[in-house]
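# Examining the three-dimensional arrangement
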Amino acid sequence: MPGFPYTKIVNSFAPEFHRIKNAPLLKIGLLTGSTLMAKSLAYIDTGAQFCLFDNSYAAQLGIKDYKDVGPENILPLSGIGGMAPQNTAYFHDLKLVIFNDQTHLKLSNAWKIIDTKIGFIEKPISFAGILGVYGFLDHFSFKFNIPDGYFELEPIFD
């Protein structure tokens with residue numbers, strides 16, 4: 001079970017109890033049917049249902065218009081509390097690449113490659129990407145150890 005270190009994010013303007021945040025960030029790749037890959041640092045969000053990324057990654061993958069999907073692949077998104085849609089995601093069938101070694105981001109170093117739907121979002125969010133339940137967490141057991149500063153992923157399926 002690989003262990004990954006938490007990334008410490010410091011916000012000196014936040015209240016003291018929230019100045020340092022341990023973020024479960026993971027370097028991943030998004031892959032089209034060919035070998036065209038975009039690399040990103042993504043936040044593992046156990047409360048998010050989907051894998052969502054900034055729309056700039058679509059262009060890196062050769063997708064000319066990230067909004068060019070059928071209506072069944074468009075999803076209005078809302079935040080906590082289910083307020084009116086705050087963003088819109090346009091889903092594409094891609095591969096999510098999880099790297100064995102977070103310093104060598106090459107396809108030959110892939111630990112897991114997951115066929116899934118990735119949503120490119122209209123408005124930017126705090127991170128380049130979010131790894132949610134569908135397409136990521138539904139493939140792993142996720143264990144966090146905040147006091148020791150790491151989290152672990154163990155594949156559920158092989």
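Here, the structure is the one placed above.
The present account deals with the structure reproduced in this document. (Residues numbered from 1 in each chain as written. Predicted model: local features only at pLDDT ≥ 70, side-chain atom pairs only at ≥ 80, totals over all residues. Heavy atoms only, no water.)

### Overview of the environment of F120
Inclusion rule: Numbered from the N terminus, helices here are DSSP runs of H or I no shorter than four residues, and strands are runs of E no shorter than two.
Within the secondary structure, F120 sits in strand 9 (residues 110-121). Measuring from C-alpha to C-alpha, the distance between F120 and N55 comes to 4.7 Å, with 65 residues separating the pair along the chain.

### What to know about the nonpolar core
Convention followed: Residue types Ala, Val, Leu, Ile, Met, Phe, Trp, Tyr and Cys, when buried and joined through side-chain atoms within 4.5 Å, form a set referred to as a nonpolar core. A simple rule labels every residue: compare its accessible area, found with a 1.4 Å probe on the protein chains alone, to the largest value its type can have, and call it buried under 20%, exposed over 50%, or partly exposed in between. Any two residues whose heavy atoms approach within 4.5 Å at even a single point are treated as in contact.
Counting 30 residues, the largest nonpolar core has F53, F120, L131 and F136 as its most contacted members. Those elements that place two or more of their residues in this core are strand 4 (25-31), strand 5 (37-44), helix 1 (56-60), strand 8 (87-99), strand 9, strand 11 (140-145) and strand 12 (150-155). The greatest single-element share of this core, amounting to 4 residues, is contributed by strand 8. Setting aside chain neighbours within four positions, we find F53 in contact with I28, L30, S40, A42, I118, G119, F120, I121, A128, G129, I130 and L131. L77, A89, F91 and I121 belong to the second-largest nonpolar core, a separate cluster that totals 5 residues.

### With respect to the environment of A48
Tracing the chain through its elements places A48 in the loop between strand 5 and strand 6 (52-54). What makes A48 buried here is its relative accessible area of 13%. With residues up to four places along the chain from it excluded, the contact list for A48 reads I130, G132 and V133.

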